[in-house]
Amino acid sequence: MLAKVLSASVLGVDAYLVEVEVDLSNGLPAYEVVGLPDTAVKEAKERVRAAIKNSGGAFAGRRITVNLAPADLRKEGSGFDLPIALGLLIADEQLPPESVLGSLYLGELSLDGSVRPIPGVLPMAILAKSLGIRRVFVPRENVNEALLVEGVDVYPVSDLGTLCSFLKGESEMHLARPNREIAVTRAPGSDLDFSDVRGQAMAKRALEVAAAGGHNLLMVGPPGSGKTLLARQLPTILPTMTTDEALEVTKIYSVSGLMQGRDGLIAQRPFRSPHHSISYAGLIGGGRIPKPGEVSLAHNGVLFLDELPEFPKRVLEQMRQPLEDGSVHISRAQASLTYPSRLMLVAAMNPCPCREQLRSRCAA
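The structure presented is a predicted model; accordingly, all values stated were derived computationally and were not measured.

Chemist: Tell me about the environment of V157, residues and numbers included.
Modeler: With respect to the helices, strands and loops of the structure, V157 is situated in strand 9 (residues 153–157). On the accessibility criterion, V157 (1% relative accessible area) is buried. Through-space distance from the C-alpha of V157 to that of G224 is 50 Å; in sequence the pair is 67 residues apart. Not counting chain neighbours up to four residues away, the residues in contact with V157 comprise V115, F137, V138, P139, R140 and L163.

Okay, structure coming up:
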């Protein structure tokens, strides 16, 4: 029997629909996954087998073929565990096929059947709304992300057994209810305030001018003069983000897997301060599995480069294009990705030692 379950994956900062097709046929027991899966997707076999068994179901001992369509895009991550498990149960006639129609399923399975959180739930929920999919089943830890999208019914899933019981009509599963007050008001770094800085009138004036015009800034001063403190307070005097800007930032953090521990929409402008030993891919973005870099994580906020001369020359030269264009373009064999990078660049450095030595000699 053939079963089809809808899921989604992320490409850049946007999601695309993935149709999980599961076919059971007679023959020697085997398990094949096609559709350009990565290692995490291939390893889903053992997680799904144990999760179904420990949830009270039976794992089909037949020839299993799983297809992830569209087959020309590479599938990454463990978020396909839940739809694969449901597809196996439907193909084995343990679940009714009509129970999964019009729904999107996301989640990683543990061996005991519990559902673990995954990155990128927010853009996947936005995709579901755009396609007219009314129901989205997500891990309980990802509920606040999905609730940011209005017009979609979000169901928190804690374990596979409870979900199967609901799909069979044997139990109820309550919809998640959004708490807009918590989602909007609570934000990281909300305890900082520019008024806490004492003295440094000239430096504070420079930061105010930069904040008013969205200018980049370079601070030069001896160690301990307050450069880092001033930079950290800068986001508190920037204009409040609009809803669209907050959604853009939250999508980037969701794709990067940095939403855990947050209540929902990131309402305060981000502040990123990478160490000077950061690599090119860490700052600009990319890597074997492309991810947003620090310039994208600072989108609509502040990127602070402390000890600017310590950063590698090649890394600093690559900052030019993201600053000019407001976006980062990463080309790979499988696809070309674009990450936003509209930000304020604030750098700090110590005075040149040669200048201090010359000043000392002149004074002598």
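Now that the structure has been shown, we can carry on.
Chemist: Describe the sheet that holds strand 14 (residues 302–305), with residues and values.
Modeler: Read across the sheet, four strands follow the order 10-17-14-11 without closing on themselves; strand pairing throughout is parallel. Of all strands in the sheet, those with a lone pairing partner are strand 10 (217–220) and strand 11 (271–272), marking the two edges. Pairing geometry for strand 11 and strand 14, over two bridges, is parallel. Within strand 14, the position partnered with F271 by the bridge is V302.

Chemist: Give a description of the packing of aromatic side chains that names residues and reports values.
Modeler: Summed over all chains, the structure comprises five aromatic pairs. Ring geometry for Y105 versus F137: centroids 4.8 Å apart, planes at 10 degrees, classification stacked. Here Y105, found in strand 5 (residues 103–105), pairs with F137, found in strand 8 (residues 135–139); they are 32 residues apart in sequence, far enough to count as distant. Of the two residues, Y105 and F137, both sit in the buried class. Through successive ring pairs, a cluster of aromatic residues spans Y105, F137, Y155 and F166. For the cation-ring pair, R314 lies above Y280, with the distance from its terminal atom to the ring centre recorded as 4.6 Å.

Chemist: Account for the packing of helix 2 (residues 44–54) against helix 3 (residues 81–91), naming residues and giving values.
Modeler: Packing of helix 2 against helix 3 brings their axes to within 10 Å, and their N-to-C directions diverge by 60 degrees. Viewed along their axes, helix 2 and helix 3 adopt a mutual orientation that is oblique. In this structure, helix 2 meets helix 3 at a crossing whose hand is right-handed. Where helix 2 abuts helix 3, its residues A44, R47, V48 and I52 lie against D81, I84, A85, L88 and L89. Within the contact of helix 2 with helix 3, the residues separate by chemical class into seven nonpolar, no polar and two charged.

Chemist: Which residues make up the pairing of strand 17 (residues 344–349), and what are the values?
Modeler: Summarising burial for strand 17: five of the six residues are buried, a large majority. Note that strand 10 and strand 17 share four bridges and pair parallel. Across the sheet, L218 pairs through a bridge with A347, a residue of strand 17. Bridging between strand 14 and strand 17 involves four bridges; their strand directions are parallel. Each bridged residue has a counterpart across the sheet, and for F304 the counterpart in strand 17 is V346.

Chemist: Explain the layout of surface pockets to me, using residue names and the numbers behind them.
Modeler: The space that makes up the largest pocket amounts to roughly 780 Å³. Taken together, 34 residues line the largest pocket, and the ones lying closest to its centre are S9, V10, R74, E76 and I289. For the lining of the largest pocket, the secondary-structure elements that each account for two or more residues are strand 1 (2–11), helix 1 (39–42), strand 13 (291–292) and strand 16 (336–340). At four residues, strand 1 tops the list of elements feeding residues into the lining of the largest pocket. Across the lining of the largest pocket, the residue classes tally to 19 nonpolar, eight polar and seven charged.

The rules behind each value
Here, residues in each chain are numbered from 1, in the same order as that chain's written sequence. Side-chain atom pairs in this predicted model are given and counted only at pLDDT of 80 or more, local residue features only at pLDDT of at least 70, and totals for whole chains, interfaces and linings cover all residues. Values reported for side chains reflect all heavy atoms of the structure, with hydrogen atoms and water molecules removed beforehand. Secondary structure elements follow DSSP: runs of H or I no shorter than four residues count as helices, runs of E no shorter than two count as strands, and numbering proceeds from the N terminus. We call a residue buried when its accessible area falls under 20% of the maximum for its residue type, exposed when it is over 50%, and partly exposed in between, using a 1.4 Å probe and counting protein chains only. A contact between two residues is defined here by any heavy atoms of the two lying within 4.5 Å. In this analysis, strands are considered paired if DSSP registers two or more bridges between them. When two rings of Phe, Tyr or Trp (its six-membered ring) have centres within 6.5 Å they constitute a pair, described as stacked for plane angles under 30 degrees, edge-to-face for angles over 60, and tilted for the intermediate range. Lysine and arginine charges are scored as sitting over a ring when NZ or CZ, respectively, is within 6 Å of the ring centre and within 35 degrees of the ring normal. Orientation is described by lines fitted to C-alpha atoms, with helices fitted over the stretch in contact, and by angles between N-to-C directions that extend from 0 to 180 degrees. In what follows, roughly perpendicular refers to angles from 65 to 115 degrees, roughly parallel to angles under 35, roughly antiparallel to angles over 145, and oblique to any angle outside these ranges. Should the near helix be turned counterclockwise from the far one by less than a right angle, the crossing is left-handed, whereas a clockwise turn marks it as right-handed. Gly counts as polar in this scheme, as do all residues outside two lists: the nonpolar Ala, Val, Leu, Ile, Met, Phe, Trp, Tyr, Cys and Pro, and the charged Asp, Glu, Lys and Arg. Grid spacing is 1 Å over the protein atoms alone, the probe is 1.4 Å, and a cavity is where that probe fits but cannot get out, while a pocket is an open set with protein on both sides within 12 Å along at least five of seven lines and lining residues have an atom within 4 Å of a point. Grid points are joined across faces, edges and corners, and a volume is the space filled by probe spheres set on the points.

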